[in-house]
Amino acid sequence: MRVSIRGAAQVMLPPEDGMPYLRRPNELRLEPGSVTVDDGVIVALEDDPGADLIIDAAGGAVIPGFVDCHTHLPFAGWRAEEYEQKVTGVPYEEIARGGGGIASSARALAAASDDELLAQAVDVRTEMLEAGTTTVEAKTGYGLSREGELRLVRLGRQVGDRVTGLFAHAIPEGYDAAGWMDVVDELAAEADVDALDIYVESVAFRNEDLERLGEIARREGVPLRAHVEQFNANRSVPVALAAGARSVDHLACLAPEDVAPLAAAECAAVLLPGAEVLGAERLAPGRALADAGAICVLATDCNPGTSPVQSLPLVIGLAVRRYGWTAREALAACTLNAAWVLGFDDRGSIEVGKRADLAVLDGPVEHIAYRLGRNPIKEVIRA
Ligand SMILES: [Zn+2]
């Protein structure tokens, strides 16, 4: 089917075709125009009056479909009661002692059937699509056992466009960090995943485990990703950079001296303002990273604990306000730069020949952040 999206006030275009990511997103162009799609591919940056379907974009913007490169789908149920405890001041240790936290999600997951898990994930993905997200990463991590993690890899394939093995998420009962890393090593060799990930934090894994996962990722030929510097400054970023990580995610407690090396590296800084706001975390140095030319990325971190957030328009609004970013900086961070994190070079920007993943907004791009919490999406095309 041939589709023409006609007469937009803004079409978001990269400064030139073929760029893998943008370190200076303010070079993005926002120009009046039209886009024609045929057979799921962008074929022209002009109107086709003979198209099978015409979408009137007058007054609005056409942008690439959002890429959410950091989610914890699939998971079972939500943890709203914990959120209330958290905001009213119950310490996390107490919540965890009462059976909450990651352990609670792991129990719910073990009790849920595959059909129940997939049904919840499909609901979430549908709502993400309605908010403009056309590509989603899925992570394992709530399995907390060998079998549980292998099950999540299998289900993740039905949920996400990429599956990341977050086998090193929490340390299962009966193991210490090093002992579980032996299992992670076996899982990485056995499971078919697109990347490997680890949660480095005082309550989880250590920098030496990150180093080891880097070696495992190299052996398996998949990118290394890492949850780092979320609640504490552990100086994990230099370790991740030395291990050749594709991305470092969270960074609320990034050490100031690590900004410049991260910005100089071919490693994305994945910022998660939904988790920062809902967890009353510290603020990642988003402005400093952008000024230093880092490959900045935004994602929802969608998970039932720290960030039950699905909307990238909302995340853009938070990032613009809290990091002091322009609309262009926020948009590049959840389109082209996020696609690079997931290893997709066929999407994330509006170029002839790329996959037709597009969102039509009902106003200019600046309204996404400004009218916070509102869904600005009028139409979504996914291939
Ligand atoms: Zn996460």
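See the structure shown above.
All of these numbers come straight from a predicted model, not from anything done at the bench.

Criteria and thresholds
Residues numbered from 1 in each chain as written. Predicted model: local features only at pLDDT ≥ 70, side-chain atom pairs only at ≥ 80, totals over all residues. Heavy atoms only, no water. Helix = DSSP H or I, 4+ residues; strand = E, 2+ residues; numbered from the N terminus. Rg over C-alpha atoms; globule rule 2.2 N^0.38 Å. Buried < 20%, exposed > 50% of the residue type's maximum accessible area, 1.4 Å probe, protein only. Contact = heavy atoms within 4.5 Å. Phe/Tyr/Trp six-rings, centres within 6.5 Å; stacked < 30°, edge-to-face > 60°. Donors = N, O, S within 2.8 Å, 3.2 Å for Na, K, Ca; no water. Tetrahedral: all angles 85-135°; square planar, octahedral: opposite > 155°, others 65-115°. Pairing = 2+ DSSP bridges. Right-handed = clockwise from strand over helix to strand, strands pointing away. Core = buried A, V, L, I, M, F, W, Y, C linked by side-chain atoms within 4.5 Å. Axes fitted to C-alpha atoms, helices over the stretch in contact; angles between N-to-C directions. Disulfide = S-S within 2.5 Å. Expected span 1.5 Å × (residues − 1). Polar contact = N/O pair within 3.5 Å; in protein donor to acceptor, adjacent residues only side chain to side chain.

**Here's the deal with the overall build of the chain**
Across its full length, the chain holds 15 helices and 15 strands. The C-alpha atoms of the chain give a radius of gyration of 20 Å, which matches the 21 Å a tight globule of 383 residues would have. The burial tally for the chain puts 58% of its 383 residues in the buried class. Counting only contacts in the chain whose residues sit at least 6 apart along the sequence, the fraction spanning at least 24 positions is 72%.

**Some details on the packing of aromatic side chains**
Taken as a whole and judged by the stated rule, the model has 4 aromatic pairs. Summarising the aromatic geometry, the rings of Tyr-21 and Trp-340 are spaced 5.1 Å apart at their centres and angled 75 degrees between planes, so their arrangement reads as edge-to-face. Taken together, the positions of Tyr-21 in the loop between strand S1 (2–13) and strand S2 (29–38) and Trp-340 in helix H14 (residues 336–341) put the pair 319 residues apart, joining distant regions of the chain. Look at Tyr-21 and you get buried, because its relative accessible area is 14%. Note on Trp-340: relative accessible area 14%, which makes it buried. With a centroid separation of 5.2 Å and an interplanar angle of 55 degrees, the aromatic rings of Tyr-323 and Trp-325 are classed as tilted.

**Focus: the coordination of the zinc ion**
In this structure, His-70 (NE2), His-72 (NE2), His-227 (NE2) and Asp-301 (OD) serve as the protein donors to the zinc ion, at separations of 2.0 to 2.5 Å. Metal-centred angles of 82 to 168 degrees between the 4 donor atoms at the zinc ion mark the site as irregular. Coordination of the zinc ion draws on donor residues from a single chain, spaced H-x1-H-x154-H-x73-D in sequence. Taken together, the residues span a long stretch of sequence, with His-72 in the loop between strand S6 (66–68) and helix H1 (80–87) and Asp-301 in the loop between strand S13 (295–298) and helix H12 (312–324) at a distance of 229 residues. Owing to a relative accessible area of 3%, His-72 belongs among the buried residues under this scheme. With a relative accessible area of 1%, Asp-301 lands in the buried category.

**Considering the pairing of strand S9 (residues 195–198)**
Side-chain alternation along S9 places Ala-195 and Asp-197 on one buried face and Leu-196 and Ile-198 on a second face that is also buried. Summarising the sheet, strand S8 (residues 162–168) and S9 pair through 3 bridges and their orientation is parallel. Paired with Thr-164 across the two strands is Ala-195, which belongs to S9. For the crossover from S8 across helix H6 (residues 177–190) to S9, the handedness is right-handed.

**Some details on the nonpolar core**
Membership of the largest hydrophobic core comes to 75 residues, with the highest contact counts inside it found for Leu-251, Leu-289, Leu-298 and Trp-325. Setting aside residues up to four positions removed in sequence, Leu-251 forms contacts with Val-228, Glu-229, Val-237, Leu-262, Ala-269, Val-270, Leu-271, Ala-284, Pro-285 and Leu-289. Core analysis: the second largest hydrophobic core is formed by 18 residues, Phe-75, Leu-109, Met-128 and Tyr-142 among them.

**Focus: the sheet that holds S6**
In space, the 4 strands of this open sheet follow the order S6-S7-S8-S9, with parallel pairing throughout. Every other strand in the sheet has two partners, leaving S6 and S9 as the edge strands with one partner each. Strand after strand, the sheet turns through a mean of 25 degrees between neighbouring axes, direction not considered. Here helix H4 (residues 114–130) sits on the sheet in contact with S6 and strand S7 (133–139), set at roughly 145 degrees to S7.

**Overview of unusual backbone geometry**
Here Leu-73 and Pro-74 are connected by a cis peptide whose omega angle stands at -5 degrees. Within the element layout of this structure, Pro-74 appears in the loop between S6 and H1. Although it is not a glycine, Asp-39 sits at a positive phi angle of roughly 55 degrees. Relative to the assigned elements, Asp-39 resides in the loop between S2 and strand S3 (41–44). Classification of Asp-39 as exposed rests on a relative accessible area of 68%. Although it is not a glycine, Glu-229 sits at a positive phi angle of roughly 55 degrees.

**A closer look at the state of the cysteines**
Under the counting rule described, the total for this entry stands at 0 disulfides. With no disulfide of its own, Cys-267 lies 11 Å from the sulfur of Cys-296, the closest cysteine sulfur.

**Some remarks on H12**
In a regular helix each residue adds 1.5 Å, so 13 residues correspond to 18 Å; H12 covers 17 Å between its end C-alpha atoms and thus fits that length. Listed in full, the buried residues belonging to H12 are Leu-312, Pro-313, Val-315, Ile-316, Gly-317, Leu-318, Ala-319 and Tyr-323. The backbone nitrogen of Leu-314 lies 3.0 Å from a side-chain oxygen of the residue at the head of H12, namely Ser-311.

**Details of the side chain of Glu-351**
Relative to the helices and strands, Glu-351 resides in the loop between H14 and strand S14 (357–361). On the basis of relative accessibility, which here comes to 6%, the residue Glu-351 falls in the buried class. A polar side-chain atom of Glu-351 sits 3.0 Å from the main-chain amide nitrogen of Gly-18. Polar side-chain contacts of Glu-351 include one of 2.6 Å to the side chain of Ser-349. Contacts of Glu-351, omitting those with residues within four sequence positions, involve Pro-14, Asp-17, Gly-18 and Ile-42.

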